[in-house]
Amino acid sequence: MEWLTAPFEAAFVQRALWAGILVSAICALAGTWVVLRGMAFLGDAMSHGLLPGVAVAALLGGNPMLGAVVSAAVMTAGVTALGRTPRLSQDTGIGLLFVGMLSLGVIIVSRSQSFAVDLTGFLFGDVLAVRESDLIVLGVALLLALAVSTLGHRAFLALAFDDRKARTLGLRPRLAHAVLLGLLALAIVASFHIVGTLLVLGLLIAPPAAALPWARGVSGVMALAAVLGATATLGGLLLSWHLRTAAGASVSALAVSLFFLSHLAAGFRHRRRARRAGLPAPAPAADSTASGPTTRPNEA
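Being a predicted model, the structure only gives us computed values, none of them experimental.

(A) Spotlight on the packing of aromatic side chains. Under the definition given, this model contains four aromatic pairs. Summarising the aromatic geometry, the rings of Phe12 and Trp241 are spaced 6.3 Å apart at their centres and angled 35° between planes, so their arrangement reads as tilted. You can see Phe12 sitting in helix α2 (residues 11-37) and its partner Trp241 sitting in helix α13 (residues 218-243), a full 229 residues away along the chain. For Phe12, a relative accessible area of 33% gives the class partly exposed.

Set out below in structure tokens:
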């Protein structure tokens, strides 16, 4: 039992645990829509697109979080504007913004002779360095994400499964898409200094994708994803403490492992049900994070 409790006797590990739980809840709210709409590449692009703002803020001695907010706003506006260009596919526009923002960030970083440590923190995060003020920021971000998710739930749901129906119902799909991008940006900005931009997709995508085969309804996916993210945080911190591995990477790796375990268990459940019914085993489902929603939870 001491193996489980000893790490959390340290105050900085306790703060890391609370930060991970808050980040898991924020990422569950945004990541569920990312998984349902097949927006994983967009999430990756937006997380790396924060680099220019963070680099400028660090070089000027400002708050990296403020720089990340500015970069996220630029990325959100750019993706929204390029998405309305009829002759340019959305993936192409996202890819161009991704490369452009990342290149600009690297150029800014190359002008500094002492930014290597800060860049490492940007890429990989430092969950064990969370301060009480960071917890307050994460709490505010969670409340904002809850408000956006609640108010935009109907529009997001229609947009995820049939944007034409959303337009017919007068839900303004373009505006809903822009707000959804803002929710995604909020999750990434709130999370990047905890687990880093290279690892934020672990909590943004893996828990909702793991919850998808088991939950009924979008709200159920969000709730289960938050629980799985918190579980990955707890387990990752324990592994990091005892094995002396990087904390953020341990959390993200465990979140991805839970995804694979979830889908292995779901496949086993489907095969067992098929054998009981005397039917052939169903073919494995395509990856919903790469090609859009293939499994649609029933929404009451």
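More follows now that the structure is in view.
(B) Summary view of the side chain of Ser191. Examined against the element boundaries, Ser191 turns out to sit in helix α11 (residues 173-195). Judged by relative accessible area, Ser191 falls into the buried class, the value being 0%. Among the polar contacts listed, one links the side chain of Ser191 to the backbone oxygen of Ala187, at a separation of 2.6 Å. Beyond its immediate stretch of four places on either side in the chain, Ser191 contacts Val23, Cys27, Gly196 and Val200.

(C) The packing of helix α9 (residues 153-161) against α11, seen in detail. Running from N to C, α9 and α11 cross one another at 105°; their axes reach a closest spacing of 10 Å. The angle between α9 and α11 places the two elements in the roughly perpendicular class. On α11, the residues touching Ala155, Phe156 and Leu159 of α9 are Pro173, Ala176, His177, Val179, Leu180 and Leu183. Classifying every residue of the contact of α9 with α11 gives eight nonpolar, one polar and no charged.

(D) Helix α4 (residues 51-59), seen in detail. Three or more residues of α4 are buried, namely Leu51, Pro52, Gly53, Val54, Ala55 and Ala57. Gly61, located one to two residues past α4, shows a positive phi value of around 75°.

(E) Fine view of the pattern of salt bridges. Considering all chains together, one arrives at one salt bridge under this definition. For Arg131, the salt bridge goes to Asp134, with nearest N and O atoms at 3.5 Å. For Arg131, a relative accessible area of 53% gives the class exposed.

(F) Molecular detail of a nonpolar patch on the surface. Judged by side-chain polarity, Met1, Trp3, Leu4, Leu239 and Leu243 come together as a nonpolar surface patch covering roughly 560 Å² of accessible area. Counting only elements with at least two residues in the nonpolar patch, the list comes to α1 (2-5) and α13. As for its position among the elements, Leu243 is in helix α13. The exposure class of Leu243 is exposed, given its relative accessible area of 58%.

(G) Inspection of the side chain of Arg269 at higher detail. You can see Arg269 is positioned in helix α14 (residues 247-277). The exposure class of Arg269 is buried, given its relative accessible area of 17%. Within the structure, the side chain of Arg269 is placed 3.5 Å from the side chain of His270, a separation counted as a polar contact. In this structure, Arg269 is in contact with Pro213 and Trp214, ignoring residues within four places of it in sequence.

(H) Up close: the nonpolar core. Ranked by size, the top nonpolar core spans 85 residues in total, and within it Trp33 and Leu204 carry the most contacts. The biggest single contributor to this core is α2, with 15 residues. If near-sequence neighbours (up to four positions away) are discounted, Leu204 is found in contact with Cys27, Ala30, Gly31, Leu184, Ala187 and Ile188.

(I) Focus on the confidence of the model for the chain. Of all residues in the chain, 86% attain a pLDDT of 70 or more, and the chain-wide mean is 82. Within the chain, helix α15 (residues 288-291) has the poorest average pLDDT of any element, 46, and α13 the best, 94. Low confidence marks residues 288-296, where pLDDT is under 50. Its contacts with residues over four positions away, or in another chain, come to 22 contacts.

(J) Broad picture of the environment of Ser262. Along the chain, the position of Ser262 falls in helix α14. Once residues lying within four places of it in the same chain are set aside, the contact partners of Ser262 are Ala210, Pro213 and Trp214. Side-chain polar atoms of Ser262 contact the side chain of Trp214, separated by 2.7 Å.

What counts, and at which threshold
- Residues numbered from 1 in each chain as written.
- Predicted model: local features only at pLDDT ≥ 70, side-chain atom pairs only at ≥ 80, totals over all residues.
- Heavy atoms only, no water.
- Phe/Tyr/Trp six-rings, centres within 6.5 Å; stacked < 30°, edge-to-face > 60°.
- Helix = DSSP H or I, 4+ residues; strand = E, 2+ residues; numbered from the N terminus.
- Buried < 20%, exposed > 50% of the residue type's maximum accessible area, 1.4 Å probe, protein only.
- Polar contact = N/O pair within 3.5 Å; in protein donor to acceptor, adjacent residues only side chain to side chain.
- Contact = heavy atoms within 4.5 Å.
- Axes fitted to C-alpha atoms, helices over the stretch in contact; angles between N-to-C directions.
- Parallel < 35°, antiparallel > 145°, perpendicular 65-115°, else oblique.
- Nonpolar A, V, L, I, M, F, W, Y, C, P; charged D, E, K, R; others polar.
- Salt bridge = Lys/Arg side-chain N within 4 Å of Asp/Glu carboxyl O.
- Patch = residues over 30% accessible without salt bridge, like charges linked within 9 Å, V, L, I, M, F, W, Y side chains within 5 Å.
- Areas by Shrake-Rupley, 256 points an atom, 1.4 Å probe, with all protein chains shown as cover.
- Core = buried A, V, L, I, M, F, W, Y, C linked by side-chain atoms within 4.5 Å.
- pLDDT = per-residue confidence, 0-100.

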